[in-house]
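# Notes for the structure review
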Amino acid sequence: MRNFISVHDVANINELVAKALSYKANPLKDKTLGSNKRIGLLFLNPSMRTRLSTQIAAQNLGMEAIVFNVGQEGWALEFEEEAIMSGSTVEHVKDAAPIMGKYFDVLAIRTFPSLKNREDDYSELFIKQFIKYAGIPVVSLESATLHPLQSLTDVITINEHATATAGGPLWGNKKKPKIVLTWAPHVKPLPQCVANSFSQWINAWGQADFVITHPEDYELDTQFTNGATITHNQDKALKDADFVYVKNWSTFNNEYGRIYTNDPAWMLNNAKLALTNNAKVMHCLPVRRNVELSDEILDGPNSIVTQEASNRIWAAQAVLSEILQANY
Ligand code: CP
């Protein structure tokens, strides 16, 4: 693996999941793999889980991790080629990234979309420019359209329930679990990244009956959702679900990056959960309680959000391990 930007960088999802779970069982088994190697974690946007879990993952492999909050503490970066930099940007990525390529052995970057211009966001210019100019492996810590470390974590967490529950898989004798990605209300427009990425990974994994449910006008990009069943009927979607993945996203089609509805009827509660096969409930976090997800779900026995977030370490460790082994 050279870079980790999407599921397309992964040769075998199940092998990467197995590697992550082997690190969960024995976090320090490769504690010298990254000796004398340094990772730069660049944050153009806020983070809690991604920042901490990736630092811990790097340290478990013996790497030094340096965090740089570019968005708050760095010079404002320009990403457009041939830009006339007479505005607010101070340094071009083609000048900054090669320097980071000398300081670090791996570069990891978080950069959110503007939600103003769909074509600009979906071009993934920021992360592509870092790949082009840094000259070292690049890891996405969430980009304009995707959040691959989160999605790998989600597949790991679903997989744990297939292999680690005493009575066998949660979905019993069914060949595949039913996984439902449901839109949830929110007070402000959020990126489509987590929903896009979860869809991309579950489709590529190919081991689930995958259903996406959202209100009208919240269709996601079909390049990620093709292969899933899509319905505007949330109750129908939830029927017999084994996993429910809850996430808000803003509009992709028509007017990009907008909120058209904030209908609280879309918030998952125990009455809706009763439609499922006692489904485990997932969310990438952070979550707005009693807007996106009810207290009764988050504090109830079906929520696996803490397990999910704790697995972020093992996802990051598996990815960094692959990159170290392939490039150094
Ligand atoms: N899920 C996730 O990426 O969390 P942070 O934004 O806190 O990193």
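The coordinates are above.
Now for a look at the structure at hand. These figures come from a predicted structure and were not determined experimentally.

So, about the packing of aromatic side chains. Applying the stated criterion to the full structure yields eleven aromatic pairs. Plain terms: the ring middles of Tyr-122 and Tyr-256 are 6.3 Å apart, the flat faces sit at 80° to each other, and that makes the pair edge-to-face. A residue pair is termed long-range when its members are at least 10 positions apart, and Tyr-122 in helix H5 (residues 118-122) and Tyr-256 in the loop between strand E10 (243-247) and helix H11 (270-273) qualify at 134 residues. Classification of Tyr-256 as buried rests on a relative accessible area of 10%. Ring geometry for Phe-198 versus Phe-210: centroids 5.9 Å apart, planes at 75°, classification edge-to-face. Here the residue Phe-198 occupies a position in helix H8 (residues 193-205), and Phe-210 occupies one in strand E8 (residues 209-213), the gap between them amounting to twelve residues. For the pair Phe-198 and Phe-210, a shared accessibility class is recorded, and that class is buried. Here the guanidinium or amino end of Arg-51 rests over the ring plane of Phe-43, the centre of that ring lying 4.4 Å away. Its guanidinium or amino end placed over the ring of Phe-252, Arg-118 lies 4.9 Å from that ring's centre, counting from NZ or CZ.

So, on to the environment of Phe-198. A relative accessible area of 1% means that Phe-198 is categorised as buried. When the C-alpha atoms of Phe-198 and His-147 are compared, they prove to be 8.0 Å apart, with 51 residues separating the residues in sequence. If we ignore the near neighbours within four places in the chain, the residues touching Phe-198 are Ser-151, Asp-154, Ile-158, Ile-179, Leu-181, Phe-210 and Tyr-245.

Close to the ligand lie Ser-47, Met-48, Arg-49, Thr-50, Arg-110, His-147, Gln-150, Cys-284, Leu-285 and Arg-312. At a separation of 2.7 Å, an oxygen atom of the ligand approaches a polar side-chain atom of Ser-47. Protein burial of the ligand: of its 250 Å² of free accessible surface, 94% is covered by the chains. Looking at which domains feed residues into the shell around the ligand, each of domain 1 (7-146 + 312-327) and domain 2 (150-309) gives three or more.

Residue Pro-286 follows Leu-285 across a cis peptide bond; omega there is 0°. Position of Pro-286 relative to the elements: it lies in the loop between strand E11 (280-282) and helix H12 (295-298). One non-glycine residue, Asn-36, lies in positive phi territory at about 65°. Turning to its location among the elements, Asn-36 is positioned in the loop between helix H1 (13-25) and strand E1 (38-43). We classify Asn-36 as exposed; its relative accessible area is 77%.

Moving on, we get to the sheet that holds strand E2 (residues 64-68). Sheet architecture is open: four strands sit in the order E2-E1-E5-E6, paired in parallel fashion. Each edge of the open sheet carries a strand with a single partner, namely E2 and strand E6 (138-140). Neighbouring strand axes in the sheet, compared pairwise and without regard to direction, differ in orientation by 20° on average. In the sheet, E1 pairs with E2 via five bridges, with the strands oriented parallel. Of the residues in E2, the one forming a bridge with Gly-40 is Ile-66. Against the sheet, helix H2 (residues 49-60) engages E1, E2 and strand E5 (106-110), with an angle of about 175° to E1.

Reading guide: rules and limits
Residues numbered from 1 in each chain as written. Predicted model: local features only at pLDDT ≥ 70, side-chain atom pairs only at ≥ 80, totals over all residues. Heavy atoms only, no water. Phe/Tyr/Trp six-rings, centres within 6.5 Å; stacked < 30°, edge-to-face > 60°. Helix = DSSP H or I, 4+ residues; strand = E, 2+ residues; numbered from the N terminus. Buried < 20%, exposed > 50% of the residue type's maximum accessible area, 1.4 Å probe, protein only. Lys NZ or Arg CZ within 6 Å of the ring centre and 35° of its normal. Contact = heavy atoms within 4.5 Å. Near = heavy atom within 4 Å. Polar contact = N/O pair within 3.5 Å; in protein donor to acceptor, adjacent residues only side chain to side chain. Areas by Shrake-Rupley, 256 points an atom, 1.4 Å probe, with all protein chains shown as cover. Domains from an automatic or database assignment. Pairing = 2+ DSSP bridges. Axes fitted to C-alpha atoms, helices over the stretch in contact; angles between N-to-C directions.

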